[in-house]
Amino acid sequence: MSVHISAKKGEIAKTVLMPGDPLRAKYIADNFLTDVTLVSQTRNIFYYTGKYKGKEITVGASGMGFPSIGIYSYELFTEYEVDTIIRIGTCGAYSTDLKLFDILNVENAASESTYAKFAWGIEEDIISSQGTAFDRINETAKELGLDAKPTNIHSSDIFYRKDPAVPEIAVRYNCPAVEMEAFALFANAQHLGKNAATILTVSDIIPTHEFISADQREQALRTMMELSLETALK
Ligand code: ADE
């Protein structure tokens, strides 16, 4: 057990797929894994360990934002000897250059957050995906005939804001979309020498207020789930 995860040592696989939403973790376990065990449900943040094509994989939620993914990813890396975390989430596009359902493979996450600085003394405001996971996602996407665009992403603390302008840091680092977790995940992985990647599906186009409906969400996210599962086999 760790402070926020009640799984026993040995009940978490070396590779963890990490959606934001606990029910999405359940969906992956129910639809893609066999021999599934629910290994933690502290705070209703479900973690399931099972097999995908014979390989042991854990899928569990991060919750929303840097504090939440910071806690779960740190405990998984340090208390459960996890090697690789692949976040699978959604993002909002800053312009109509991206379309709903587009899939992004995050190369670098830029943020105004002080998380990396105050947690680990990392002064940079842009942090790369860590280890081999980003390349493995690119390779797997090619094999599956999927377009998973390598991209920089803005990782923000803020979902609702007064000013509709694209934030300066997103302009500076050429980030076409925003989410709220990758920067903290990459910071933890960099500090600990682990692998971390983030795959995102565009769920909303900020300037036009278009978004994927609840009905469309399940099918849309399946492609990203399959990409992460196939990557985990490598
Ligand atoms: N995740 C999905 N859409 C988002 C948005 N518009 N802002 C931040 N995170 C998001």
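Below or above, wherever it landed, is the structure these notes cover. Given the structure is predicted, the values throughout are model-derived calculations rather than measurements. As a convention, each chain's residues are numbered from 1 in the sequence order in which they are written. A pLDDT threshold of at least 70 governs which residues receive local features in this predicted model, and a stricter bar of 80 or more applies before side-chain atom pairs are shown or counted, although totals over entire chains, interfaces and linings include all residues. The side-chain figures draw on all heavy atoms in the structure; neither hydrogens nor water molecules are used.

**Here's the deal with the overall build of the protein chain**
Moving on, step 1. The helix and strand tally for the protein chain stands at seven helices and 11 strands.
Moving on, step 2. Its C-alpha atoms give the protein chain a radius of gyration of 16 Å, near enough to 17 Å, the size a compact globule of 234 residues would have.
Moving on, step 3. Over its C-alpha atoms, taken along the principal directions, the protein chain stretches across nearly 45 × 40 × 30 Å.
Moving on, step 4. Three labels apply to residues, based on accessible area from a 1.4 Å probe with only protein chains included: buried if under 20% of the type maximum, exposed if over 50%, partly exposed otherwise in between. Split into buried and exposed, the 234 residues of the protein chain put 55% on the buried side.
Moving on, step 5. Whether two residues are in contact is decided by their heavy atoms: any pair within 4.5 Å suffices. The long-range share in the protein chain, meaning contacts at least 24 apart out of those at least 6 apart in sequence, stands at 76%.
Moving on, step 6. Per-residue accessibility takes into account occlusion by the displayed protein chains alone, with areas from the Shrake-Rupley method and a 1.4 Å probe. Carbon together with sulfur atoms contributes 52% to the accessible area of the protein chain, which is approximately 10,600 Å² in total. Numbered from the N terminus, helices here are DSSP runs of H or I no shorter than four residues, and strands are runs of E no shorter than two. Each radius of gyration is computed over the set of C-alpha atoms, and the globule rule expresses the reference value as 2.2 Å times the number of residues to the power 0.38.

**Describing the pattern of salt bridges**
Moving on, step 1. The term salt bridge refers to a side-chain nitrogen of Lys or Arg lying within 4 Å of a carboxyl oxygen of Asp or Glu. Tallying each qualifying case throughout the model produces 12 salt bridges.
Moving on, step 2. Linking Lys9 and Glu79 is a salt bridge whose minimum nitrogen-to-oxygen distance equals 3.5 Å. One end of the pair, Lys9, is in the segment before strand E1 (15-19); the other, Glu79, is in helix H2 (residues 66-79), with 70 residues separating them in the sequence.
Moving on, step 3. Of the residues examined, Glu79 reaches a relative accessible area of 32% and is grouped as partly exposed.
Moving on, step 4. Residue Asp30 pairs with Lys26 through a salt bridge whose shortest N-O separation is 2.7 Å. Within this pair, Asp30 and its partner Lys26 are both found in helix H1 (residues 22-32), separated by four residues, close to a single helical turn.
Moving on, step 5. Each member of the salt-bridge network shares a partner with another, and the members are Arg87, Glu179 and Glu181.

**Re unusual backbone geometry**
Moving on, step 1. At Asn44, a residue that is not glycine, the phi angle is positive and equals roughly 60°.
Moving on, step 2. Looking at the secondary structure, you find Asn44 in the loop between strand E2 (34-40) and strand E3 (47-52).
Moving on, step 3. Positive phi is not limited to glycine here, since Lys53 has a value of about 50°.
Moving on, step 4. Within the secondary structure, Lys53 sits in the loop between E3 and strand E4 (55-60).

**Description of the side chain of Asp102**
Moving on, step 1. Note on placement: Asp102 falls in the loop between strand E5 (84-93) and strand E6 (103-110).
Moving on, step 2. Overall, the relative accessible area of 16% leaves Asp102 in the buried class.
Moving on, step 3. A distance of 2.9 Å separates a polar side-chain atom of Asp102 from the backbone nitrogen of Lys99.
Moving on, step 4. If we ignore the near neighbours within four places in the chain, the residues touching Asp102 are Lys149, Leu200, Thr201 and Val202. Two N or O atoms form a polar contact when they lie within 3.5 Å of each other; inside protein one atom must be a possible hydrogen donor and the other a possible acceptor, and for residues adjacent in sequence the pair counts only when both atoms belong to side chains.

The analysis is restricted to geometry; functional conclusions fall outside its scope.
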